[in-house]
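Listed below, chain by chain, are the residues.
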Amino acid sequence: MALQHATQSIDSAQQSVTQSHDLELISTILPLLEDLELTVDDLKYFGELSPYLILDGHRTGVMDENASAAHGYIEGAKFSLQFAVVLQKLGVQRATFLIHTLRNYKTLDRMEAIFDAITDVGKAFIYKAYEKNIRLRYYGHQVHDKYSMADIINQAEQTTQNCSGFELNYLTNYSEQWGVDNQSELKDLPDINVIGRFT
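Quantities reported herein were computed from a predicted structural model and do not represent experimental measurements.

Draft legend 1. Local environment of the overall build of the protein. Of the regular secondary structure elements, the protein holds five helices and five strands. Considering the protein as a whole, with its 199 residues, one finds that 37% of them fall into the buried category. Per element, the accessible surface of the protein, about 12,500 Å² overall, is 51% carbon and sulfur.

Quick look at the structure:
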(Lines give C-alpha, C1' and ligand atoms only; values in the text may rest on other atoms or scores of the structure.)
Protein backbone atom coordinates (compact mmCIF):
# COMPACT_ATOMS: atom_id res chain seq x y z
CA MET A 1 0.00 0.00 0.00
CA ALA A 2 2.82 2.36 0.94
CA LEU A 3 4.62 1.50 -2.30
CA GLN A 4 1.48 2.22 -4.33
CA HIS A 5 1.08 5.57 -2.58
CA ALA A 6 4.73 6.44 -3.23
CA THR A 7 4.35 5.50 -6.90
CA GLN A 8 1.25 7.69 -7.19
CA SER A 9 3.13 10.57 -5.56
CA ILE A 10 6.00 10.21 -8.03
CA ASP A 11 3.58 10.06 -10.98
CA SER A 12 1.81 13.16 -9.66
CA ALA A 13 5.10 15.02 -9.24
CA GLN A 14 6.23 14.06 -12.75
CA GLN A 15 2.88 15.22 -14.15
CA SER A 16 3.27 18.55 -12.35
CA VAL A 17 6.77 18.99 -13.77
CA THR A 18 5.49 18.16 -17.27
CA GLN A 19 2.60 20.62 -16.92
CA SER A 20 4.97 23.29 -15.63
CA HIS A 21 7.31 22.69 -18.58
CA ASP A 22 4.37 22.83 -21.00
CA LEU A 23 3.18 26.14 -19.52
CA GLU A 24 6.72 27.55 -19.75
CA LEU A 25 6.94 26.38 -23.36
CA ILE A 26 3.58 27.92 -24.23
CA SER A 27 4.47 31.22 -22.57
CA THR A 28 7.69 31.27 -24.61
CA ILE A 29 6.21 30.20 -27.93
CA LEU A 30 3.09 32.37 -28.05
CA PRO A 31 5.01 35.70 -28.08
CA LEU A 32 7.32 34.28 -30.74
CA LEU A 33 4.37 33.30 -32.90
CA GLU A 34 2.86 36.73 -32.47
CA ASP A 35 6.12 38.43 -33.47
CA LEU A 36 6.44 36.15 -36.51
CA GLU A 37 2.73 36.58 -37.38
CA LEU A 38 2.22 32.81 -37.23
CA THR A 39 -0.52 30.65 -35.74
CA VAL A 40 -0.20 27.54 -33.57
CA ASP A 41 -1.24 25.49 -36.63
CA ASP A 42 1.88 26.74 -38.42
CA LEU A 43 4.09 24.93 -35.88
CA LYS A 44 3.46 21.60 -37.62
CA TYR A 45 5.66 22.75 -40.51
CA PHE A 46 8.65 23.62 -38.32
CA GLY A 47 9.54 19.97 -37.73
CA GLU A 48 10.54 19.74 -41.40
CA LEU A 49 12.71 22.85 -41.32
CA SER A 50 16.47 22.32 -41.75
CA PRO A 51 18.15 25.73 -42.04
CA TYR A 52 21.70 26.47 -43.14
CA LEU A 53 22.81 29.72 -41.53
CA ILE A 54 25.88 31.77 -42.39
CA LEU A 55 27.24 34.18 -39.78
CA ASP A 56 28.97 36.45 -42.25
CA GLY A 57 30.13 39.85 -41.11
CA HIS A 58 28.81 39.75 -37.56
CA ARG A 59 32.23 40.92 -36.40
CA THR A 60 31.55 44.27 -38.09
CA GLY A 61 28.52 44.81 -35.87
CA VAL A 62 30.52 45.28 -32.69
CA MET A 63 29.80 48.78 -31.44
CA ASP A 64 32.54 48.95 -28.79
CA GLU A 65 35.68 50.30 -30.45
CA ASN A 66 37.74 48.96 -27.54
CA ALA A 67 36.47 45.41 -27.96
CA SER A 68 38.95 42.70 -28.88
CA ALA A 69 39.15 41.34 -32.41
CA ALA A 70 37.59 38.12 -31.11
CA HIS A 71 34.59 39.83 -29.53
CA GLY A 72 32.41 39.76 -32.63
CA TYR A 73 33.07 36.06 -33.13
CA ILE A 74 32.30 35.37 -29.46
CA GLU A 75 28.96 37.13 -29.87
CA GLY A 76 28.36 35.17 -33.07
CA ALA A 77 28.95 31.86 -31.28
CA LYS A 78 26.58 32.83 -28.48
CA PHE A 79 23.98 33.94 -31.01
CA SER A 80 24.12 30.62 -32.86
CA LEU A 81 23.28 28.75 -29.65
CA GLN A 82 20.60 31.25 -28.61
CA PHE A 83 19.01 31.02 -32.04
CA ALA A 84 19.12 27.21 -31.87
CA VAL A 85 17.17 27.37 -28.59
CA VAL A 86 14.51 29.56 -30.28
CA LEU A 87 14.27 27.11 -33.19
CA GLN A 88 14.07 24.23 -30.74
CA LYS A 89 11.10 25.82 -28.95
CA LEU A 90 9.34 26.26 -32.28
CA GLY A 91 9.67 22.55 -32.99
CA VAL A 92 12.64 22.64 -35.34
CA GLN A 93 14.89 19.62 -34.83
CA ARG A 94 18.14 20.65 -36.49
CA ALA A 95 20.20 23.52 -37.92
CA THR A 96 23.59 23.97 -39.58
CA PHE A 97 25.86 26.98 -39.08
CA LEU A 98 28.98 27.90 -41.04
CA ILE A 99 31.79 29.05 -38.72
CA HIS A 100 34.65 29.60 -41.16
CA THR A 101 36.05 28.36 -44.44
CA LEU A 102 39.57 27.42 -45.48
CA ARG A 103 39.73 30.76 -47.32
CA ASN A 104 39.93 32.51 -43.95
CA TYR A 105 43.55 31.38 -43.62
CA LYS A 106 44.45 34.05 -46.17
CA THR A 107 43.83 36.54 -43.35
CA LEU A 108 45.81 35.18 -40.39
CA ASP A 109 44.62 37.89 -37.99
CA ARG A 110 41.06 36.79 -38.63
CA MET A 111 41.92 33.15 -37.90
CA GLU A 112 43.61 34.15 -34.67
CA ALA A 113 40.46 36.03 -33.65
CA ILE A 114 38.30 33.00 -34.49
CA PHE A 115 40.51 30.67 -32.44
CA ASP A 116 40.51 33.12 -29.52
CA ALA A 117 36.72 33.27 -29.66
CA ILE A 118 36.28 29.48 -29.70
CA THR A 119 38.71 29.13 -26.80
CA ASP A 120 36.89 31.87 -24.86
CA VAL A 121 33.39 30.40 -25.17
CA GLY A 122 34.64 26.78 -24.94
CA LYS A 123 33.43 24.99 -21.81
CA ALA A 124 30.58 27.40 -21.04
CA PHE A 125 29.25 26.96 -24.57
CA ILE A 126 29.39 23.17 -24.32
CA TYR A 127 27.71 23.18 -20.90
CA LYS A 128 24.93 25.45 -22.16
CA ALA A 129 24.26 23.15 -25.11
CA TYR A 130 24.18 20.15 -22.79
CA GLU A 131 21.83 21.97 -20.42
CA LYS A 132 19.45 22.72 -23.33
CA ASN A 133 19.61 19.10 -24.57
CA ILE A 134 21.34 20.18 -27.80
CA ARG A 135 23.74 17.85 -29.58
CA LEU A 136 26.79 19.54 -31.12
CA ARG A 137 28.39 18.13 -34.27
CA TYR A 138 31.26 19.47 -36.38
CA TYR A 139 32.27 18.91 -39.99
CA GLY A 140 35.35 20.08 -41.87
CA HIS A 141 38.96 19.50 -42.82
CA GLN A 142 40.74 17.54 -40.05
CA VAL A 143 38.41 19.03 -37.40
CA HIS A 144 38.76 16.00 -35.13
CA ASP A 145 42.55 15.66 -35.18
CA LYS A 146 44.96 18.24 -36.65
CA TYR A 147 42.68 21.30 -36.51
CA SER A 148 43.76 23.82 -33.85
CA MET A 149 40.39 23.58 -32.09
CA ALA A 150 40.14 19.76 -32.31
CA ASP A 151 40.31 19.23 -28.52
CA ILE A 152 37.36 21.55 -27.88
CA ILE A 153 35.39 20.03 -30.77
CA ASN A 154 35.94 16.48 -29.54
CA GLN A 155 34.94 17.52 -26.02
CA ALA A 156 31.79 19.21 -27.35
CA GLU A 157 30.72 16.17 -29.35
CA GLN A 158 31.48 13.71 -26.57
CA THR A 159 29.69 15.76 -23.89
CA THR A 160 26.51 16.23 -25.94
CA GLN A 161 26.41 12.93 -27.85
CA ASN A 162 23.32 11.72 -25.97
CA CYS A 163 21.40 15.00 -26.19
CA SER A 164 18.26 14.50 -28.25
CA GLY A 165 16.35 17.79 -28.12
CA PHE A 166 18.05 19.44 -31.09
CA GLU A 167 20.99 18.81 -33.43
CA LEU A 168 23.26 21.80 -33.98
CA ASN A 169 25.77 21.21 -36.77
CA TYR A 170 28.77 23.42 -37.49
CA LEU A 171 30.86 23.59 -40.64
CA THR A 172 34.32 24.76 -39.67
CA ASN A 173 37.66 24.65 -41.45
CA TYR A 174 35.40 23.97 -44.40
CA SER A 175 35.30 24.54 -48.15
CA GLU A 176 32.97 23.48 -50.92
CA GLN A 177 35.80 21.49 -52.54
CA TRP A 178 36.49 19.69 -49.26
CA GLY A 179 32.79 18.82 -49.13
CA VAL A 180 32.88 17.38 -52.65
CA ASP A 181 36.04 15.37 -51.92
CA ASN A 182 34.82 14.09 -48.54
CA GLN A 183 31.15 13.30 -49.05
CA SER A 184 31.39 10.23 -46.81
CA GLU A 185 32.23 12.47 -43.85
CA LEU A 186 29.09 14.50 -44.51
CA LYS A 187 26.71 11.54 -44.59
CA ASP A 188 25.19 12.47 -41.20
CA LEU A 189 24.74 16.13 -42.11
CA PRO A 190 21.01 16.82 -42.58
CA ASP A 191 19.60 17.89 -45.92
CA ILE A 192 19.16 21.66 -46.05
CA ASN A 193 15.94 23.33 -47.18
CA VAL A 194 16.40 26.94 -46.02
CA ILE A 195 19.42 29.24 -46.29
CA GLY A 196 19.90 32.32 -44.13
CA ARG A 197 22.75 34.82 -43.98
CA PHE A 198 23.44 37.23 -41.13
CA THR A 199 25.52 40.26 -42.09
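There is more to say, and it comes next.
Draft legend 2. Fine view of the pattern of salt bridges. Per the counting criterion, the structure on display carries three salt bridges. Close ionic contact of R103 with E176 constitutes a salt bridge, the shortest N to O distance being 3.5 Å. With R103 in the loop between β2 (94-101) and α3 (108-131) and E176 in helix α5 (residues 176-181), the pair connects residues that are 73 residues apart, well separated along the chain. With a shortest N-O distance of 3.4 Å, D188 and R137 are connected by a salt bridge. Here D188, found in the loop between α5 and β5 (194-198), pairs with R137, found in strand β3 (residues 134-139); they are 51 residues apart in sequence, far enough to count as distant. On the basis of relative accessible area, D188 is assigned to the partly exposed category, the value being 38%. Taking the relative accessible area as the measure of exposure, R137 reaches 16% and is therefore buried.

Draft legend 3. Region of the structure containing the sheet that holds strand β1 (residues 51-55). Spatially, the five strands line up as an open sheet ordered β3-β4-β2-β1-β5, and their pairing is parallel. For this open sheet the edge positions go to β3 and β5, each flanked by a neighbour on one side alone. Strand-to-strand, the axes of this sheet are offset by a mean angle of 20°, without reference to chain direction. Sheet topology note: the β2/strand β4 (residues 166-174) ladder contains seven bridges and is parallel.

Draft legend 4. Geometry of the nonpolar core. Counting residues in each nonpolar core, the largest one holds 37 residues, and the members touching the most others are F125, I134, L136, Y147, F166 and L168. Put simply, the parts of the chain that give this core at least two residues each are β1, α2 (71-89), β2, α3, β3, α4 (150-160) and β4. Counting residues per element, this core draws most heavily on α3, at ten residues. Other than its neighbours up to four places away in sequence, Y147 contacts H100, Y105, F115, I118, H141, Q142, I153, T172 and N173. Counting residues in hydrophobic clusters, the runner-up holds nine residues, among them I54, Y139, Y174 and L186.

Draft legend 5. Local environment of α4. For α4, every residue scored as buried is listed here: A150, I153, A156, E157 and T160. Down the axis of α4, the sector holding all buried residues measures 125°, keeping them to one side. In this structure, α4 carries D151 and Q158 as exposed residues pointing more than 90 degrees from its buried face. Looking at the packing, one finds that the buried side of α4 touches α3, β3 and β4.

Draft legend 6. View of the pairing of β3. The element β3 is extensively covered by neighbouring structure, given that five of its six residues are classed as buried. As defined by bridge partners, β3 adjoins β4 across six bridges and the pair is classed as parallel. Residue pairing for β4: R137 is matched across the bridge by N169.

Procedures and definitions
Residues numbered from 1 in each chain as written. Predicted model: local features only at pLDDT ≥ 70, side-chain atom pairs only at ≥ 80, totals over all residues. Heavy atoms only, no water. Helix = DSSP H or I, 4+ residues; strand = E, 2+ residues; numbered from the N terminus. Buried < 20%, exposed > 50% of the residue type's maximum accessible area, 1.4 Å probe, protein only. Areas by Shrake-Rupley, 256 points an atom, 1.4 Å probe, with all protein chains shown as cover. Salt bridge = Lys/Arg side-chain N within 4 Å of Asp/Glu carboxyl O. Pairing = 2+ DSSP bridges. Axes fitted to C-alpha atoms, helices over the stretch in contact; angles between N-to-C directions. Core = buried A, V, L, I, M, F, W, Y, C linked by side-chain atoms within 4.5 Å. Contact = heavy atoms within 4.5 Å. Arc of directions from axis to C-beta.

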